[in-house]
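# Overview (structure and organization)
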Amino acid sequence: MARRRPFSLRRLASASVPYLLVAPVVVAIGAILGYPLYRLVTLSFQRYGLPELIQRQGDWIGLDNYRSVLGDSLFWDVLLRTVIFTVANVGLTMALGTLIALLLVQLSAPVRVLLTTGLVLVWAMPAVVAVQVWYWMTNFQNGVLNHILTQLHVGDFFQHDWYASPLSQLSMVTLLIVWGAIPFVAVATYAGLAQVPRELVEAAHMDGAGPVRVFRDVTFPTIKPILLILTSLSIIWDFGVFAQPYLLIGASHMNESNYLMGVYVYLEGYAHSDFGRGAAISVLMLLIVAALSVVYVRRMVRVEEPA
Amino acid sequence: MSSVSAAPAPRRRRRGGLLRRRAWDLVGLALFVVLVFPVFWMISTAFKPDDEINALTPTWITTSPTLDHFRDAMARPYFWDTVQNTLIVVGVAVSASIVLAFLAAVALAKYRFTGSRLFVVLMLGILMLPPVGLIIPLYVVLARYGLTNALTGVILTYLTFTLPFAVLTLRSFILGIPRELEEAAMVDGSSRLGAFVRILLPLVAPGLVATSVFAFITAWNEYIFASVILTDQANHTTTVWLSYFLGTSRNVDWGALMAASTLTAIPVIAFFLLVQRRIAFGLTSGAVRG
Amino acid sequence: MRARIIVAAVLVGAALAVVASTASGGTAASNSITVWLQVDAQATNWEPIVKAANAAFQREHPGVAVNVQYQTWGNHLQKFDAALAGGNAPDVIEMGNTEMTKYMAAGAFQDISSDRSSIPNSGTWLAGLAAAGRFGGKLYGVPYYAGSRVVTYRTDLFRKAGLKVPTSLAQLTAAAKKLNSQNSAKGFSPIYIAGTDWYVAMSFVADYGGTIARQVSGKWKGTLASPQAIAGLTAYKNFFGAVSKASKTTDETRPNPYDVYAQGQAGSMIGPGWFSCCVGDKYKATTGQFVMPSRLKGQPMPGFLGGSLLAVPIGTNKSLALDWVKAYTSTQSMTSLRSIGNIPNTTSLLGSSVNERAAQKSWFVPTAKNWVNVENGNILRNMLAQILTGRLSVKQAAQSASDNITSVLNA
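All of these numbers come straight from a predicted model, not from anything done at the bench.

We now examine the environment of arginine 149 of chain C. Residues and elements named next belong to chain C. Here arginine 149 is to be found in strand S7 (residues 149-154). Residues arginine 149 and lysine 102 lie 47 residues apart in sequence; the distance between their C-alpha atoms is 25 Å. The contacts of arginine 149, once residues within four sequence positions are left out, are Tyr199, Gly271, Pro272, Phe304 and Ala358.

And the structure:
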C-alpha cells in the first residue's frame, strides 16, 4: 500500500499528462460523432421512415425493430454467409500479407523498391475505381481474364459469365477485396519487422536456429501487436464491407442469395428509407462484429498494457 | 518500404548466398506482375483508342496510343477544382489526424490511467459501426453547424473516422518498441517523455509513416460521406468526381474513366515516394542503435 | 519537454476549433435558388438549354441567383433524404418517374395543383409522364422529358439479308433467323437483348395484355401469374432464345448494348433512342432505327416510357422554384430538348421520329409507394434469370415473383 503522497502541483501536472494527450481526440470525435451515435441508438427504437424523416418526428416502438430483424430468416442467412466470407477474406489477407512482408526482407534492394511501389499502386486505387477495373477485366463480353484463361489453355472461357451464381460472384468479390487489402497488411507488417532487434536475430542464428524458429521466437513476438491490430481491423472491415460487393456484383444482381451484411443494412434500411430498421441492423452489426473480434481485442487491450 | 542504404551486413548471408537471393527476387517479380496487373490494365486502357477498348479480343498494349481520353477527362467540369479540393481535404485531415492520434497513442502506450481501456474499446467501437448508419445523423449535425457542402465538413468527418484507426495502430507500434532502449535512455537523466521523444521517436517512424500513408489513402479514396455532404460540383473531391462518369443514364466513356482514374492515383504515388526516405532513416537509425 | 507537448496539444485543439467555426457554404440565402438536375443535363448539347432557362428566370427575378447542382442517378435519392433531414433540400429537384410515388406518398413535395394552369402546356402534357406526378388527387410533379425504347439496327446487314423493316413480331423473329444464318461469328446476336432486361420483357407481357400488379380496393396484388402475363413471358423466353446470345443473367448495362453493337457482335439492339450516339465510327453510317413491332401486325409493342419530372420539395421557396420550372419547361425549352433527341413533355410538340412514335403506346410500373423496393430487390430480374436459365418454369417463376411483389408493395 503506497504511502499517501503530499499534494503538489507538479504531481498534479504529471498525473494529468495522459488526459491532456488524449483530450484533443476525445473532443474532435465527440463534437462530430457524439450526436450521430446517440441518434443512431435512439433511431433503432423508433419507427422512422421517409414520412417520419420529413416530419422530424418518429414513433417510439421499443424493441420492435430488433424483433422484426431477428425474426427474419433472411437476416440469419446473411449473417452466416457474411461470417464465412469474413473468415475467408481475413485468413487470406493476413496470411498472404505477412508472407509478402517476410519476402520483402529477403529481396535485393531494387526488387524491393519495385514490389513496394507495386503494393502502393494497388493500395492507392480507390475502391470505386478498383471495382470498375476489376469488372472490366472480368466482364462477359470481352473481359481480359477470360482471354488469358483461354490462351493458357485452362479451358474454353470465351464469354464465361463470372457473375452467374452467388458463389462465383462472392469469389470474385473475395479476390478483389483480398487484392486490395494485402498492401496495407504487407506494408504495416514490414514496418513492424523493421523493429525486430537485429542482435537478437543474430544471436539466434549463432545458436543454430532455423528460419522457422527465428520467426517463432524472435520475429513473431515483436510483430504480434501489429498482427493483432491488423487482424482486428480486417475482421471489422471485411464484415461490414459494402462498396465492393454492391458495385462489383452490381446493383441489378443483388438478391437474397448473395447479400452480405454491409449490403443488407444498406438495402433493408436506407434504400427502403426505413431508417429505424437500418439503425437496428447497424447496432446489431456492431454487437456481432464486437463478438467476432473479442478474442483479438481482449488480447490487444489486456496483454499489451503499458508498464 | 524501400531502404536505400540498409542492406544487411554480408556476414549474415553466409547460408545460400547469391542464388537464394536471386530465387527470392524471381518470386518477388512474379508477385509484382500478378498484383499490379489490374493497375497496368487500367493505365493501358487509358491510352487505347475506343475501338480497341471495345474489341472482342483484348490487346495488351496498344500500338496506336491516344491522349484523347486524358484530354476528355481533364476537360470534364471542375477537374482542377476537384484535385485542389482533395489535396486540401486530405492534407489537413491526415496531418491533424496523425498529430492528434500520436499524442493519444503515446498516452495509451506509456501511461496507466483510469479510462484507458474504455478509450481503446470506444475507438474500436467506432470502427465497428457500419458507416451507412451514420450518414444521415452526421449530415444533420453538420447542417446545424452550417458545414454542409463545405470542405471543412468533410475534413472534420474524415478526421473522426481516421482517428480511431490511427490511434490504435500507432499505439501498437509504440508498444512494440523494446523497453530496454527506453530505459537505457533514461539513465542519462532525461525525463521519461523527453527520452521517448528524442530517442524512440525515430524508431516509431516506420509505423508513423505506414499509418499516415494509410490515413492518406483512406481519406483520398473515401466516397460515401463526401458524396452526401458535398452537393456543389465545385466542392467535390476526386472520388465523387469520378462517380459522375458512371452516374449518368447516358453512355459511359470507359477510356475517359480509366484515364481519370490514372490521373487521380498519381498524387498518392507521389506522396509515397516522398515518404519512403523517412522510413529508410528509421531503419538505419535502428540498426545503428541496435 | 512535457510542457512543450502540452502546449502543442492545446494549440492543435484550438486550431481545430477555429477551423470548425469558419463555415463556408451550407444554407441557401433567400436571394438564390438551388436546383438539382441529373448529370445527363450537363452534356455539351444539353447544358445550353439549362443556361437559357436560367437566363430567362433571371430576367424575371434580377436579384436571384440560380445554383444548378448536377447529381448522379446512383445516390441522388440518398442525398435527398439527407438534405430533407438536415433542412436544406433544393428548391427544385429532378426525379425519375418511377421514383416519384414514394416521395409523394411521404409528403416530400409541395402541392402545386393550384399553379397548374400557369405552367406552360399543362393542358397537353404527355399523359403517361404526367400521371407519375399526381398522387391522392393532387399535383406534385411537372413533366420534364421522356424516352422510349426502339430497335437500333444495322441497315447494311438487313439489306444483305434482303430484309425490310418488320411490322410484326413474327416478321422480326424471321428476320433474326435470317441474320443468324448469314452471320455465324461466335457470340453474334441478331438482336442483342440482355437476359434480365425487364423493360423489354414487360413490354412482351403488356403486348399480351398482362400487367405487373393491380390495385384492388386499396391493396396491391401481383398479376404476373395471370394467363396473359405468362403468355407474354413465354413469348419473351422463346424470342430471347432465338435472337440473343447475351448472358441470360446480366442486365442491360453490363455490357452496354451499344458497345456490343460497336464490336460488330449485334445485328440490332433494343434500347433507348440515344443508343445511336455510340455505335462506333465503323457503323455510324449504316445504323437506323425502327419501332419495336407488336405481335399484332402494324402496331407498336407497348414500350416502357421512361422519363423525369420536376418537383418542389417542402420547406423551400415555392413561387421562385415554380418560376424556374416554368422557364425550363417553356415551349422554347421543350423544342430545344426535343431537338437533342428527347421526347418533350407535351403532345403539341410531338413529331414523328422513331422515338416519339414508339412512345404512343406505352406501359408504366405500378404507382405504388413501395415500387422502388421491388426494383431494388431485383424481383423482376431474378424472375427473368430463372426463366431463361431454365432453373424454374415460367409458371413457377412468375408465381413466386408475383407473390413477392404482393408482399413488398403492401408492406
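A word on the state of the cysteines. All names here are of chain C. Under the counting rule described, the total for this entry stands at one disulfide over all chains. With its sulfur 1.9 Å from that of its partner, cysteine 277 forms a disulfide with cysteine 278. Disulfide cysteine 277 to cysteine 278: torsion about the S-S bond roughly -50 degrees, handedness left-handed. You can call cysteine 278 buried: its relative accessible area is 13%.

The next point concerns the interface of chain A and chain B. Listed by partner, the interface residues are 97 residues for chain A and 105 residues for chain B. Roughly 9,600 Å² of surface becomes buried between chain A and chain B when both sides are summed, with 76% attributable to carbon and sulfur atoms. If you look at where chain A meets chain B, you find zero salt bridges. It is helix H1 (residues 9-43) of chain A that provides the largest number of residues to the side of chain A that touches chain B, a total of 18 residues.

Our focus in this paragraph is the confidence of the model for chain C. All names here are of chain C. On average, chain C scores 89 in pLDDT, and the residues at 70 or more come to 93%. Residue range residues 5-28 is modelled with pLDDT below 50. Its contacts to residues more than four positions away, or to other chains, number 32 contacts. Here the prediction assigns the complex a pTM of 0.86, and the interface score ipTM is 0.83.

In this section: the sheet that holds strand S2 (residues 65-71) of chain C. Residues and elements named next belong to chain C. Strand order across the open sheet formed by five strands is S2-S1-S3-S13-S6, with mixed pairing between neighbours. Two strands bound the open sheet, and with one partner strand each, they are S2 and strand S6 (141-147). Neighbouring strand axes in the sheet, compared pairwise and without regard to direction, differ in orientation by 20 degrees on average. With seven bridges connecting them, strand S1 (residues 32-38) and S2 associate as parallel partners. Residue threonine 34 lies in a different strand from S2, and its bridge partner there is asparagine 67.

Turning our eyes to something else, we now look at the pairing of S6 of chain C. All names here are of chain C. Within S6, six of the seven residues are buried, which leaves it mostly tucked inside the rest of the structure. Two elements, S6 and strand S13 (residues 306-311), share six bridges in a ladder whose sense is antiparallel. Residue pairing across strands places alanine 146 opposite glycine 307, the latter belonging to S13.

Further remarks concern the packing of aromatic side chains. The tally for this structure, following the rule as stated, stands at 55 aromatic pairs over all chains. Relative to tyrosine 246 of chain A, the ring of phenylalanine 242 of chain A lies with its centre 5.0 Å away and its plane at 20 degrees, an arrangement referred to as stacked. Clustering of aromatic rings is evident, with ring pairs tying together Trp198, Tyr199, Phe304, Trp363, Phe364 and Trp371 of chain C. Taking the ring centre of tryptophan 41 of chain B as reference, the NZ or CZ of lysine 48 of chain B above it sits at 4.0 Å. Above the ring of tyrosine 208 of chain C, the side-chain terminus of arginine 295 of chain C is found at 4.2 Å from the ring centroid.

Counting buried positions along S1 of chain C yields seven of seven residues, so the element is predominantly enclosed. You can see the chain leave S1 of chain C, run along helix H2 (residues 47-60) of chain C and come back into S2 of chain C, and the turn it takes is right-handed.

This brings us to unusual backbone geometry. Across the junction of arginine 254 of chain C and proline 255 of chain C, the peptide omega takes the value 0 degrees, indicating a cis bond. Relative to the assigned elements, proline 255 of chain C resides in the loop between helix H9 (227-243) and helix H10 (257-262). Unlike most non-glycine residues, glutamine 159 of chain A shows phi in positive territory, near 55 degrees. Along the polypeptide, glutamine 159 of chain A turns up in the loop between helix H7 (144-151) and helix H8 (166-193). For glutamine 159 of chain A, a relative accessible area of 14% gives the class buried.

On to the nonpolar core, then. Counting residues in each nonpolar core, the largest one holds 280 residues, and the members touching the most others are Leu37, Phe109, Trp324 and Tyr328 of chain C. Top element by residues in this core is helix H4 (residues 79-110) of chain B. It accounts for 18 residues. In this view, tyrosine 328 of chain C contacts Leu37, Ala41, Trp46, Ile49, Val50, Ala53, Tyr144, Leu310, Ser333 and Met334 of chain C; residues no more than four positions away in its chain are not counted. Membership of the second largest hydrophobic core comes to 56 residues, among which are Ala175, Trp198, Ala235 and Trp371 of chain C.

What follows covers helix H3 (residues 76-86) of chain C. Counting buried residues along H3 of chain C, ten of its eleven residues qualify, which places the element largely inside the surrounding structure. The positive-phi residue at the C-terminal boundary of H3 of chain C is glycine 87 of chain C, with phi of around 80 degrees.

Conventions used here
- Throughout this description, residue numbers start from 1 for each chain and increase along the sequence as written.
- The lettering of chains begins at A and the numbering of ligands begins at 1, in the order of writing.
- Reporting in this predicted model follows two pLDDT cut-offs: at least 70 for local features of residues, and 80 or more for side-chain atom pairs to be given and counted; totals over whole chains, interfaces and linings ignore these cut-offs and use all residues.
- Hydrogens and water molecules were not included; the side-chain quantities draw on all heavy atoms of the structure.
- Elements are defined by DSSP. Helices are runs of H or I of four residues or more, strands are runs of E of two residues or more, and each kind is numbered from the N terminus.
- Note on definitions: a residue-residue contact is assigned when non-hydrogen atoms from the two residues lie within 4.5 Å.
- The term disulfide is used for any two cysteine sulfur atoms that are within 2.5 Å.
- Burial classification: accessible surface area is computed with a 1.4 Å probe over protein chains only, and a residue below 20% of its type maximum counts as buried, one above 50% as exposed, and the rest as partly exposed.
- Here the quantity called buried area is the total loss of accessible area, with a 1.4 Å probe, experienced by two parts when brought into contact, counted for both.
- Whenever Lys or Arg places a side-chain nitrogen within 4 Å of a carboxyl oxygen from Asp or Glu, that contact is recorded as a salt bridge.
- By definition, pLDDT measures how confident the predictor is in each residue, and it falls between 0 and 100.
- For two strands to be treated as a pair, DSSP must find at least two bridges joining them.
- Structural elements are reduced to axes, namely lines fitted to C-alpha atoms, with helices fitted over the stretch in contact, and the angle between N-to-C directions of any two is expressed from 0 to 180 degrees.
- Stacked, edge-to-face and tilted labels apply to pairs of Phe, Tyr and Trp rings (six-membered ring for Trp) whose centres lie within 6.5 Å, assigned for plane angles under 30 degrees, over 60, and everything in between, in that order.
- Two limits define a charge over a ring: the Lys NZ or Arg CZ must be within 6 Å of the ring centre, and within 35 degrees of the ring normal.
- The handedness rule is simple: strands pointing away from the viewer, and a clockwise path from the first strand over the helix to the second, make the crossover right-handed.
- Among buried residues, those of type Ala, Val, Leu, Ile, Met, Phe, Trp, Tyr and Cys that are joined through side-chain atoms within 4.5 Å constitute a nonpolar core.

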